[in-house]
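The chain contents come next:
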Amino acid sequence: MKEEKVDYQLVPPHGHRHNAVEQAICTFKNHFIAGLCSVDKNFPLHLWDKLIPQAELSLNLLRGSRINPKLSAYTQLNGTFNYNNTPLAPPGTRVLVHDKP
């Protein structure tokens, strides 16, 4: 890493509160597990990986940006989120579709 001139920071052992990456991983893990707990009882759990994009989206909408605290992390990265084009529902929600021929 020194040869490539990469900046890095060492964290003392057991100092998990100081490491922002570990905090972010823990936050995502808790958010994702909470989403898994809310899925329909008939949801096939082998499809859990299909829920990751929605978990990431909803977490970034809820989390504030580090650059500009007045914006969400999603807005900072992707611009304003259009709730009319992309309606959100809890992950794994059972839906009833009426398909007209």
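In this report, we go over the structure that sits alongside the text.

Thresholds, definitions, all that
Residues numbered from 1 in each chain as written. Predicted model: local features only at pLDDT ≥ 70, side-chain atom pairs only at ≥ 80, totals over all residues. Heavy atoms only, no water. Helix = DSSP H or I, 4+ residues; strand = E, 2+ residues; numbered from the N terminus. Phe/Tyr/Trp six-rings, centres within 6.5 Å; stacked < 30°, edge-to-face > 60°. Buried < 20%, exposed > 50% of the residue type's maximum accessible area, 1.4 Å probe, protein only. Disulfide = S-S within 2.5 Å. Core = buried A, V, L, I, M, F, W, Y, C linked by side-chain atoms within 4.5 Å. Contact = heavy atoms within 4.5 Å. Axes fitted to C-alpha atoms, helices over the stretch in contact; angles between N-to-C directions. Parallel < 35°, antiparallel > 145°, perpendicular 65-115°, else oblique. Left-handed = near helix turned anticlockwise from the far one by under 90°.

## Some points on unusual backbone geometry
Here the phi dihedral of K5 falls at roughly 55°; this positive angle occurs in a residue that is not glycine. Here K5 lies in the segment before α1 (20-37).

## Section: the packing of aromatic side chains
Using the criterion set out here, one finds 4 aromatic pairs in the structure. Measuring from centroid to centroid gives 5.9 Å for F28 and F32, while their planes differ by 15°, and the two rings are stacked. Of this pair, F28 and F32 both sit in helix α1, 4 residues apart, roughly one helical turn. In this structure F32 comes out as buried when scored by relative accessible area, which is 11%. These aromatic residues form a ring-pair network of at least three members: F28, F32 and W48.

## Points about the state of the cysteines
Following the criterion strictly, the structure yields 0 disulfides and no others. C26 takes part in no disulfide bond, and the closest cysteine sulfur, belonging to C37, lies 15 Å away. Classification of C26 by relative accessible area gives partly exposed; the value is 38%.

## Topic: the nonpolar core
Note on soluble globular proteins: their nonpolar side chains tend to be buried together. One finds F32, V39, F43, L51 and A55 forming the largest nonpolar core, which totals 5 residues. Setting aside its immediate chain neighbours within four residues, A55 contacts F28, H31 and F32.

## A word on the side chain of N60
Note on placement: N60 falls in helix α2 (residues 52-62). The residues touching N60, leaving out its near neighbours within four places in the chain, are S72, A73, Y74 and L77.

## Details of the packing of α1 against α2
Put simply, α1 and α2 touch, their axes get as near as 10 Å, and they point 120° apart. Considered as vectors, α1 and α2 are oriented oblique to each other. In this structure, the crossing between α1 and α2 has a hand that is right-handed. Contact residues: T27, F28, H31 and F32 in α1; I52, A55, E56, S58, L59 and L62 in α2.

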